[in-house]
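# Residue-level structural notes
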Amino acid sequence: MKGNNDIIGIGLESSCDETAVGIVHNGTDVLANCIFSQVDLHSEYFGVVPEIASRSHLEVINALIRKALQGAGISFKDLHYVAATNRPGLVGSLLIALQSAKAISYTGNIPFIAVNHLEAHLYAPFLEGNALSYPFIGLLVSGGNTAVYRVEGAGRMELIGKTVDDAAGEAFDKIAKFANLGYPGGPRIEKMAETAREKRKLFPKILSDSPDDTRFSYSGLKTAVINFMKENPGTPLEEIVYSFQERALELLVRRVFTAARKQSVATIVVAGGVAANGRLRQLLEEERRPGETVLIPSPILCTDNAAMVAGIGYRYFLQGSFSTLTEDVFARSQ
Ligand code: KG4
């Protein structure tokens, strides 16, 4: 039985190739986390086709909303707010969740909250029993983003450093595509790398070790790996992808710990699709010093979902930071 202080919010997400609806109680307990992945629709193109993505979002979102409400055992009238991702992402796709959320807000007369997808990702570990405490250093690493932030509170995120070219997940996907491993590349490369017999260093370190260098870069490594494959057809693929993965992950670990230690922040959050990588988790744990905490969501909350949207939406709800029904979508996070 829920009391007067119980706040239930619904989150909608359609920024890329997952349609998702999540329902969260008091910003911490996930009551429903429904995800429809379009991966099968895009796999033959080895990447997301925007037009196919937005059409598919439109086709499934109403059914997914119904499924989430049913799963949570509630109805529209039990909702206190509705949150939706409005940036960054594919604009045609973003519109589907945004407009659906506005309709729920208008008809139910509940606040509407437009959410930054990147901020939502960094909220994910706080849906799994970890107490929320600011500030923390957030590493967001996915197919579209690779960046480190200092997070001070809801809506208060300062960018420390980001990729100057490709995102880390994009490098996994493009290398997997070249090697005919399929899409998405990350999980397939991770699995294959585990079988490498010889663990050689085939590729140079990315960028400098300097604590002042906060950049990420994956385009040079990606090209080096692809060229190496072309020039060395005799080298076992698992050794090549192992060596690629080590270099790709090492930079993430180096940058996030440098940022945290420079800023004397003891809590690190790592989120986004690439955070599902088991080797990354292992490397972060190896680098962690006593007193430092590394929070990584479970794989289902690492990749795109809407429980995280409803979760961060709750923090905005508490602050009374609501959006208007004229709110638009944006390709970039601004
Ligand atoms: O956050 P996410 O679901 O969405 C977008 O960025 O759109 O991340 C997807 C990305 C893809 O590039 C995928 O290859 C990568 O995350 N990924 C992984 C793993 N699982 C997913 N990368 C490395 N290792 C994994 N286990």
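All residue numbers refer to position in the chain's written sequence, counted from 1. Whole-chain, interface and lining totals are the exception, using all residues; otherwise, since this is a predicted model, local features are given only for residues with pLDDT of at least 70 and side-chain atom pairs are given and counted only at 80 or more. Water and hydrogen atoms play no part in the side-chain values, which are based on all heavy atoms of the structure.

## Section: the overall build of the protein
Spelled out, the test is: Under the DSSP-based scheme used, a helix requires at least four consecutive residues in state H or I and a strand at least two consecutive residues in state E, with every element numbered from the N terminus. Using C-alpha atoms as the atom set, the radius of gyration is obtained and then compared with a globule rule of 2.2 Å times the number of residues to the power 0.38. Two residues form a contact once any of their heavy atoms are found within 4.5 Å. Surface accessibility in these figures is a Shrake-Rupley result with a 1.4 Å probe; residues are shielded only by whichever protein chains are displayed.
From N to C terminus, the protein includes eleven helices and ten strands. For 334 residues, the compact-globule formula gives about 20 Å, and the C-alpha radius of gyration of the protein, at 20 Å, lands near that figure. If one aligns the C-alpha atoms of the protein with their principal axes, the spans along those axes are about 65 × 45 × 35 Å. Across the protein, the fraction of contacts at a sequence separation of at least 24, relative to all contacts at a separation of at least 6, is 72%. Surface summary for the protein: the accessible area is close to 14700 Å², and the carbon and sulfur share equals 51%.

## Considering the nonpolar core
Side chains of a nonpolar character, in soluble globular proteins, are inclined to be buried together. Short version of the rule: Definition used in this section: a nonpolar core is a set of buried Ala, Val, Leu, Ile, Met, Phe, Trp, Tyr and Cys residues joined via side-chain atoms within 4.5 Å. To sort residues, take the accessible area from a 1.4 Å probe on protein chains only and compare it with the maximum for the residue type: under 20% means buried, over 50% means exposed, and anything in between is partly exposed.
Residues Ile137, Tyr218, Phe244, Leu252 and Val270 are the most contacted members of the largest nonpolar core, which totals 48 residues. Of all elements in the fold, only strand S6 (136-141), helix H5 (168-178), helix H6 (185-193), helix H7 (219-231), helix H8 (237-262), strand S9 (267-271) and helix H9 (278-287) reach the threshold of two or more residues within this core. Top element by residues in this core is H8. It accounts for 13 residues. In this structure, Leu122, Tyr123, Phe126 and Ala147 belong to the second largest nonpolar core, which totals 31 residues.

## Topic: the domain arrangement of the protein
Interface extent is often summarised as the accessible area lost during association of the parts. Which entries qualify depends on this criterion: The source of the domain bounds is an automatic or database domain assignment. What counts as buried area is the accessible surface, traced by a 1.4 Å probe, that two parts surrender upon association, with contributions from both included. Salt bridge criterion: a side-chain nitrogen from Lys or Arg within 4 Å of a carboxyl oxygen from Asp or Glu. Each polar contact in these results corresponds to two N or O atoms within 3.5 Å; when the atoms are within protein, one needs to be able to donate a hydrogen and the other to accept it, and residues that are neighboring in sequence are counted only if both atoms are side-chain atoms. We call Asp, Glu, Lys and Arg charged. Ala, Val, Leu, Ile, Met, Phe, Trp, Tyr, Cys and Pro are nonpolar, and the rest, Gly among them, are polar.
When the domains of the protein are assigned, the result is domain 1 (8-126 + 302-319) and domain 2 (135-296). In this structure, domain 1 and domain 2 have C-alpha centres spaced 27 Å apart. With 18 residues of domain 1 at the contact, the number on the domain 2 side is 25 residues. Summed over both sides, the interface between domain 1 and domain 2 buries roughly 1700 Å², with carbon and sulfur atoms accounting for 78% of that surface. The three residues of domain 1 that bury the most area against domain 2 are Phe46, Leu122 and Cys302, which together make up 40% of that side's buried surface. For the pair domain 1 and domain 2, the interface holds zero salt bridges. At the boundary of domain 1 and domain 2, one finds two residue pairs in polar contact (both at pLDDT 80 or more). Breaking the side of domain 1 that touches domain 2 down by element, the ones donating at least two residues are helix H4 (117-123) and helix H11 (307-319). By residue class, the composition of the side of domain 1 that touches domain 2 is ten nonpolar, five polar and three charged.

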